[in-house]
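# What the coordinates show
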Amino acid sequence: MNEDVWALVHAERAALIEDLARLDDKQWEQPSLCDGWTVHDVAAHLVNTARTTRLGFIGGMIRARFDFDRQNARGVERERGASPKETLERLRQVASRKTGPPAPLDTRIVEEVIHGEDIRRPLGIGRSYPIEAVARSLRLQARTSASMGGAKERVAGIQLAPTDADLTIGEGPQVRGTAICLLLAISGRPGVLEELEGPGAAALRTST
């Protein structure tokens with residue numbers, strides 16, 4: 001089971017590296033969907049999370065006084081190269097790693113899929129994600145509390161119904177859309193709510 005997860009993670013890393021390699025320096029400085037971060041910042045964050053170990057994560061949280069945002073900002077600063085080329089090379093070097101923080105293993109897929117879209121969407125780059133990767137990410141986000149980066153509270157009382165997967169999550173008025181759009185919407189990313197439909201869509205818009 002673990003190897004299945006890592007296979008998905010490594011495939012997403014490889015696909016993103018391929019897309020990043022085609023960008024010019026101006027595109028690397030494009031604002032991403034991740035509030036306050038450029039494409040370059042998100043790539044540096046992915047280098048940092050790929051390097052993360054359980055003990056390293058705990059130590060970093062202690063040094064950041066248990067502030068996730070502060071810890072993430074420090075990670076970006078540490079791993080952001082002097083140039084996009086340098087950061088891309090760092091991403092290549094960590095692409096096959098199998099380490100992570102003390103969290104469910106599927107968080108590694110969530111990181112790669114959501115941050116992949118944080119980078120691709122503002123640049124107009126499309127990707128057809130493996131439905132297994134997106135579905136696993138959607139399930140995890142829906143059951144993880146907001147304090148841990150999830151969307152449990154946001155999706156309470158609605159049902160998520162991906163139109164491209166044999167899957168429903170939750171109970172209540174239904175929200176329909178592609179799995180990737182639902183994942184981005186419940187994760188607080190802008191610009192995707194208008195792609196959703198169903199009686200639960202209005203409730204989701206209110207909660208984001």
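All residue numbers refer to positions counted from 1 along the written sequence of the respective chain. Residue-level local features of this predicted model are given only where pLDDT is at least 70; pairs of side-chain atoms are given and counted only at 80 or more, and the full residue set underlies all totals for whole chains, interfaces and linings. To get the side-chain values, take all heavy atoms of the structure and skip hydrogens and water.

### Considering the packing of helix α8 (residues 131–143) against helix α9 (residues 179–186)
Angle between the axes and distance between the axes: these two values describe a pair of packed helices. Where α8 meets α9, the axes come as close as 9 Å, and the angle between the chain directions of the two elements is 30°. Between α8 and α9, the crossing angle belongs to the class labelled roughly parallel. In the crossing of α8 with α9, the sense of the turn from one axis to the other is left-handed. Taken together, the residues of α9 that come into contact with α8 (itself represented by I131, V134, S137, L138, Q141 and A142) are A179, I180, L182, L183 and I186. Every axis in this analysis is a line fitted to C-alpha atoms, fitted for helices over the stretch in contact. Angles between the N-to-C directions lie between 0 and 180 degrees. Comment: elements are numbered from the N terminus, with helices defined as DSSP H or I runs of at least four residues and strands as E runs of at least two. Throughout, the term roughly parallel applies to angles under 35 degrees, roughly antiparallel to angles over 145, roughly perpendicular to angles from 65 to 115, and oblique to all others. The sense of a crossing depends on the near helix, which, turned anticlockwise from the far helix by less than a right angle, makes the crossing left-handed and, turned clockwise, makes it right-handed. Contact definition: two residues touch when any of their heavy atoms are within 4.5 Å.

### Some words on the pairing of strand β1 (residues 159–162)
The alternating pattern of β1 places Q159 and A161 on one face and L160 and P162 on the opposite face, and all of these are buried. When DSSP finds two or more bridges between a pair of strands, those strands are recorded as paired. Relative to strand β2 (residues 174–177), β1 runs parallel, the two sharing 4 bridges. Note on β2: the bridge partner recorded for A161 is R176. Between buried and exposed lies partly exposed: a residue is buried under 20% and exposed over 50% of the maximum accessible area for its type, with that area taken using a 1.4 Å probe on protein chains only.

### As for the nonpolar core
It is characteristic of soluble globular proteins that their nonpolar side chains tend to be buried jointly. Side-chain atoms within 4.5 Å link the members of a nonpolar core, which is a set of buried Ala, Val, Leu, Ile, Met, Phe, Trp, Tyr and Cys residues. V113, L138, L160, V175, L196 and L204 are the most contacted members of the largest nonpolar core, which has 35 residues in total. At the level of elements, α1 (2–20), α7 (107–123), α8, α9 and α10 (201–207) are the ones that each hand at least two residues to this core. Among the elements that line this core, the one with the most residues is α9, at 8 residues. Formed by 21 residues, the second largest nonpolar core is a distinct cluster that contains L16, W37, V76 and I119.

### Comments concerning the packing of helix α3 (residues 39–51) against α7
Interhelical geometry of α3 versus α7 gives an angle of 165° and a closest axis separation of 10 Å. Judged on the interaxial angle alone, α7 and α3 are roughly antiparallel. Crossing handedness for the pair α3 and α7: left-handed. Taken together, the residues of α7 that come into contact with α3 (itself represented by V39, V42, A43, H45, L46 and T49) are R108, E111, E112, H115, I119 and L123.

### Let's talk about the side chain of T144
By secondary structure assignment, the location of T144 is in the loop between α8 and β1. Contacts of T144, omitting those with residues within four sequence positions, involve G150, A151 and K152.

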